[in-house]
Amino acid sequence: MSFLQRSTRFGINSSQLALARSVSVTKVATAVPVDHGMKVCNPKTSTKRERVVVLGSGWGGFTVAKNLDPKLYDVTVVSPTGYFTFTPLLASTSVGTLEFRTALEPVRRLKNVNLSMARAESIDFKTQTVTLNSAVPSPATSSSHSLPPRAHNKAMTIAPEKHQDERFVVGYDKLVISVGAFSATFGTPGVYEHAHFLKDIRDARAIRKRILDCFERASQPFIKEAEIRALLAFRIVGGGPTGIEFAAELHDLITSDMKRIYPDLVGFSTISLYDVAPGILLSFEESLREYAMRRFSRDNVIVRPNSRVLEVGPGWMEIEGEGKVPFGLLVWSTGLEPNPLIKSISQADKDPRSQSLFTDNFLRVLDKETGEPMKNVYAIGDNSMIKDGPKLPATAQVANQKALNLAANLNNAGTEKPDTEFILRNKGSMVYLGSWRAIIDRTATNVSGPKGEVTGLSAWFLWRSAYWSMSSWRNRLLMSVYWGMNLITGRDISRF
Ligand SMILES: Cc1cc2nc3c(=O)[nH]c(=O)nc-3n(C[C@H](O)[C@H](O)[C@H](O)COP(=O)(O)OP(=O)(O)OC[C@H]3O[C@@H](n4cnc5c(N)ncnc54)[C@H](O)[C@@H]3O)c2cc1C
């Protein structure tokens, strides 16, 4: 697609091209406040279609953009990655059960949706503009190597990327804030530097490489037994669904593929899961938690509740009352902390504990001063919560349903149809436990279908079917191929 065509997709006509070109490369010295000298690079070109700017391409942002009516709205998604990550499949991709592409959907594949590959840095609610920072370095100046996979969190929090001074401004008629949240470290020293997160496909890729590196290094003839044990000590901090599913997938990899490839080494490997809480999967029914504990104990996955990690270093972590223990890989999954963009917003009402943006039942962001909905600003997903509503978990289910509700309400514009308040249709929760076993908690559902609990092989089958059916046709095809291939040839263990 030519530059002209792409610009037209952004609602910029040919007479505005020169301006747009100069605006998009305007450099400013500081991030905030918004430089009002910068011109908006997507000026309104139509009185018929409103400009909707969606910040983020996750479960909330991608879904809302996909479902907005293109006859009513000129939609632009702002995202530093440019793709949607199907997070429930990340653990499977991190051990090679699935190919990375099965968990991705590029925004560019959405019809009638523009993409700006950039990070939103600040929002000016008065002028209805957002200052963005390009996430696309110049190919001429950037390194020939791709960004380090774990640059995701690091780059946004502690180590700003080199191309951080390419800022530009987009204007909106309606703004949807759905930038999600970051992985929480609770200030534990060394986590950013030495642990792996599992939030994005690049994290999954880094984890897979690290596991394979550990086995390959342990197989070198000069490595002593103590070092082999340290290299093959796989530790996970966080006993929520993400930590549990990663432990389960890792167990499957080790007991099938690694056992075949490194038969002399697997006996030295251990999987240990730590949590500061007195148990794991605390949001699940007690009988399901007990089932999970029994399965893990049968599969030799060590669960260590009441364990507080004090510090993490290169290849070790210090646990309160226990001292330093070595690891080859440490996966850190202990909940969420606010995205810096959300922290930077001072005009909106926020939950004092989580810093999430408060919305009303129509998902409109509330003004801090007046408590009234702010004009044309909405928030969905992990960066928001409904004020005075039931406390909903930070899940894909909630983000996805909020996005669908918001898109439907926005698509009502110009009709007599009243907007509908958001009410969660709780379909239950499920977690994979390894060895083709899962648990499903449907005790609190408010939708049709059986209530109660499902465990074992049937739960595993439902777990796989659910995620298969939620993916695009392209990814369903890929998933079927990879699941089939694993049975015949084993998992993908390429290191790159
Ligand atoms: C490994 C894993 C497994 C999970 N499994 C499940 C599950 O099985 N079921 C379930 O219900 N939930 C699951 N979750 C939780 C679920 O993924 C989240 O609740 C969900 O992703 C929240 O959606 P969101 O749109 O708010 O944020 P996200 O999906 O995190 O998306 C945020 C988006 O914003 C972008 N972004 C960030 N900062 C900026 C910025 N400054 N400017 C512009 N864009 C920005 C990001 O690149 C991303 O595209 C899982 C989470 C993980 C990590």
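Residues numbered from 1 in each chain as written. Predicted model: local features only at pLDDT ≥ 70, side-chain atom pairs only at ≥ 80, totals over all residues. Heavy atoms only, no water.

A. Representation of the side chain of Arg 464 in the model. Here Arg 464 shows up in helix H13 (residues 456–470). Comment: no salt bridge for buried Arg 464; closest opposite-charge side chain is Glu 249, at 6.2 Å. (Helix = DSSP H or I, 4+ residues; strand = E, 2+ residues; numbered from the N terminus. Buried < 20%, exposed > 50% of the residue type's maximum accessible area, 1.4 Å probe, protein only. Lys, Arg positive; Asp, Glu negative; His and termini not counted. Salt bridge = Lys/Arg side-chain N within 4 Å of Asp/Glu carboxyl O.)

B. Looking closely at the sheet that holds strand E7 (residues 129–134). With antiparallel pairing, the three strands of this open sheet are ordered in space as E6-E7-E8. The open sheet is flanked by strand E6 (118–124) and strand E8 (167–171), the only strands paired with a single partner. Averaged over neighbouring strand pairs, the angle between their axes works out to 30 degrees when direction is ignored. (Pairing = 2+ DSSP bridges. Axes fitted to C-alpha atoms, helices over the stretch in contact; angles between N-to-C directions.)

C. Just the packing of aromatic side chains, in detail. Per the counting criterion, the structure on display carries twelve aromatic pairs. When the centroid spacing of 6.0 Å and the interplanar angle of 85 degrees are considered together, the rings of Trp 463 and Tyr 467 count as edge-to-face. Of the two residues, Trp 463 and Tyr 467 are both situated in helix H13; the distance of four residues between them amounts to about one turn of the helix. Through pairs of rings, three or more aromatic residues link up here, namely Trp 59, Phe 62, Phe 84, Phe 86, Tyr 432, Trp 463 and Tyr 467. Across from the ring centre of Phe 422, 5.9 Å away, lies the NZ or CZ of Lys 402, which sits over that ring. Just above the ring of Trp 468 sits the side chain of Arg 476; from NZ or CZ to the centre is 5.1 Å. (Phe/Tyr/Trp six-rings, centres within 6.5 Å; stacked < 30°, edge-to-face > 60°. Lys NZ or Arg CZ within 6 Å of the ring centre and 35° of its normal.)

D. Inspection of helix H12 (residues 396–411) at higher detail. Look at H12: 22 Å from first C-alpha to last across 16 residues, which is about the 22 Å you get at 1.5 Å a residue. Among all positions in H12, only Val 398, Ala 399, Gln 401, Lys 402, Ala 403, Asn 405, Leu 406, Ala 407, Asn 409 and Leu 410 are buried. Buried residues belonging to H12 abut helix H3 (59–67), strand E2 (73–78), strand E9 (174–177), strand E21 (373–379) and strand E22 (384–386). (Expected span 1.5 Å × (residues − 1). Contact = heavy atoms within 4.5 Å.)

E. Molecular detail of the sheet that holds strand E25 (residues 452–455). Reading across from one edge, E23-E24-E25 is the order of the three strands in this open sheet, with antiparallel pairing throughout. Strands with a single pairing partner mark the edges of an open sheet, and in this sheet they are strand E23 (429–434) and E25. The mean angle between the axes of side-by-side strands here comes to 10 degrees, regardless of whether they run parallel or antiparallel. Inspection of the sheet shows E23 paired to strand E24 (residues 437–442) by five bridges, in the antiparallel sense. Bridging from a neighbouring strand, Met 430 pairs with Ile 440 of E24. Each of E23, E24 and E25 touches helix H10 (residues 286–298); the most contacted strand, E24, lies at about 170 degrees to it. The strands that H13 touches are E23, E24 and E25; relative to E24, the one it contacts most, it runs at about 75 degrees.

F. Representation of the site of the ligand. The environment of the ligand is made up of 28 residues, and the closest members are Gly 60, Thr 87, Ala 120, Asp 382 and Tyr 467. Between Thr 87 and the ligand, the recorded distance is 2.5 Å, taken from a side-chain N or O atom to an oxygen atom. Ala 120 is positioned with one of its backbone polar atoms (N or O) 2.9 Å from a nitrogen atom of the ligand. Among the elements of the structure, H3, E6 and H12 are those that each provide at least two residues to the shell around the ligand. Ranked by residue count, the leading element in the shell around the ligand is H12, at three residues. Residue composition of the shell around the ligand, by class: twelve nonpolar, 13 polar and three charged. Taken domain by domain, the shell around the ligand gets at least three of its residues from each of domain 1 (3–80 + 117–183 + 337–411) and domain 2 (191–334 + 428–489). (Near = heavy atom within 4 Å. Polar contact = N/O pair within 3.5 Å; in protein donor to acceptor, adjacent residues only side chain to side chain. Nonpolar A, V, L, I, M, F, W, Y, C, P; charged D, E, K, R; others polar. Domains from an automatic or database assignment.)

G. Spotlight on the pairing of E7. The element E7 is largely enclosed, with a buried count of six among its six residues. Burial along E7 is two-sided: the residues Thr 129, Thr 131 and Asn 133 and Val 130, Leu 132 and Ser 134 are all buried. Two elements, E6 and E7, share six bridges in a ladder whose sense is antiparallel. Following the sheet pairing, Ser 122 is matched in E7 by Thr 131. Once E6 ends, the chain turns through four residues before running back antiparallel as E7, passing Gln 128 with a positive phi of about 55 degrees. The pairing of E7 with E8 spans five bridges and is antiparallel. Bridge assignment links Leu 132 to a residue of E8, and that residue is Phe 168.

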